[in-house]
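# Inside the fold
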Amino acid sequence: MIDSIEALEAIYGLPHERAVRKQIGFLNEDYQAMVRVSPLVIVSSVGADGLDNSPRGDKAGFVRIIDERTLALPDRPGNNRIDTLRNVLQDSRVSLLFIIPGIGETLRVNGTATISADPQLLESFAVNGKPAKTVLLVTVEAAFFHCSKAFVRSDAWNPETHLPRSALPSAGAFHKRLNDGQFDADTYDREAPKRVSDTLY
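Residues numbered from 1 in each chain as written. Predicted model: local features only at pLDDT ≥ 70, side-chain atom pairs only at ≥ 80, totals over all residues. Heavy atoms only, no water.

## Looking at the sheet that holds strand β3 (residues 64–67)
The sheet built from seven strands is open, its strands ordered β2-β1-β5-β6-β7-β4-β3 with antiparallel pairing. Sheet topology places β2 (50–57) and β3 at the edges, where each strand pairs with a single neighbour. Going from strand to strand, the sheet's axes swing by 30° on average, the running direction of each strand aside. Strand direction decides the pairing type here: strand β5 (residues 93–99) and strand β6 (residues 106–116), joined by six bridges, are antiparallel. Note that in β6 the partner of Val 94 across the bridge is Gly 111. (Pairing = 2+ DSSP bridges. Helix = DSSP H or I, 4+ residues; strand = E, 2+ residues; numbered from the N terminus. Axes fitted to C-alpha atoms, helices over the stretch in contact; angles between N-to-C directions.)

## Thoughts on the UniProt feature "domain: Pyridoxamine 5'-phosphate oxidase N-terminal" (unreviewed entry) in the protein
Following the UniProt record, the feature "domain: Pyridoxamine 5'-phosphate oxidase N-terminal" (unreviewed entry) maps to residues 28–147 here. Between the first and last C-alpha atoms of residues 28–147 the distance is 17 Å; the span itself is 19% helix and 48% strand. (UniProt positions renumbered as here; feature names shortened; annotations may be inferred.)

## Here's the deal with the pairing of β3
In this sheet, strand β4 (residues 70–75) lies alongside β3 in antiparallel orientation, the contact comprising three bridges. Bridge pairing in β4 links Ile 65 to Leu 71.

## Re the packing of helix α7 (residues 171–178) against helix α8 (residues 185–198)
Here α7 crosses α8 at 150°, and the two axes come no closer than 8 Å. When the interaxial angle is binned, α7 and α8 end up roughly antiparallel. Seen from above, α7 lies across α8 with right-handed handedness. Contacts between α7 and α8 involve Ala 171, Gly 172, Ala 173, His 175 and Lys 176 on the former and, on the latter, Ala 185, Tyr 188 and Asp 189. Per-class residue counts for the contact of α7 with α8 are four nonpolar, two polar and two charged. (Parallel < 35°, antiparallel > 145°, perpendicular 65-115°, else oblique. Left-handed = near helix turned anticlockwise from the far one by under 90°. Contact = heavy atoms within 4.5 Å. Nonpolar A, V, L, I, M, F, W, Y, C, P; charged D, E, K, R; others polar.)

This is the structure in structure tokens:
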């Protein structure tokens, strides 16, 4: 087992100078461009009850750039677990991973967050007349792009490698197993498309 930084660095060596220089304490023009076209961001947080890693998605550019050190991320209706928001109230540290379909590079942003329920801010993120539930305001402390190797290795953007939905249990099947078989999976799955569509915002 590796139990020290020295032992770890003996295996990996030191990062290349480019890998160090790409990390900056703000969003430069290139990093802002990535935020504006990303329709999907993974938000990581930590709190007293543990860790959370939550996907957030919307139209490309749904994460608003307030300035080079501040991002605003709207929260939409979900399952009301609000794990990320609970964590932020206990520990403000967050990490964001911006993903752009078809593009290998991703953008990693680390910082701290606060939760706003300001009515004007929520309304400014309204979709179909429905404002955001809350808005996560992220103060950027570090930002850097991540190379494309993960997507090259995984071949994730290649449609020929995509599985049909039937290759895995349905959401209804998940619920049925988790409820010891006492769940109407067929009805749940049949109603899912309309339910999701009606509750997106």
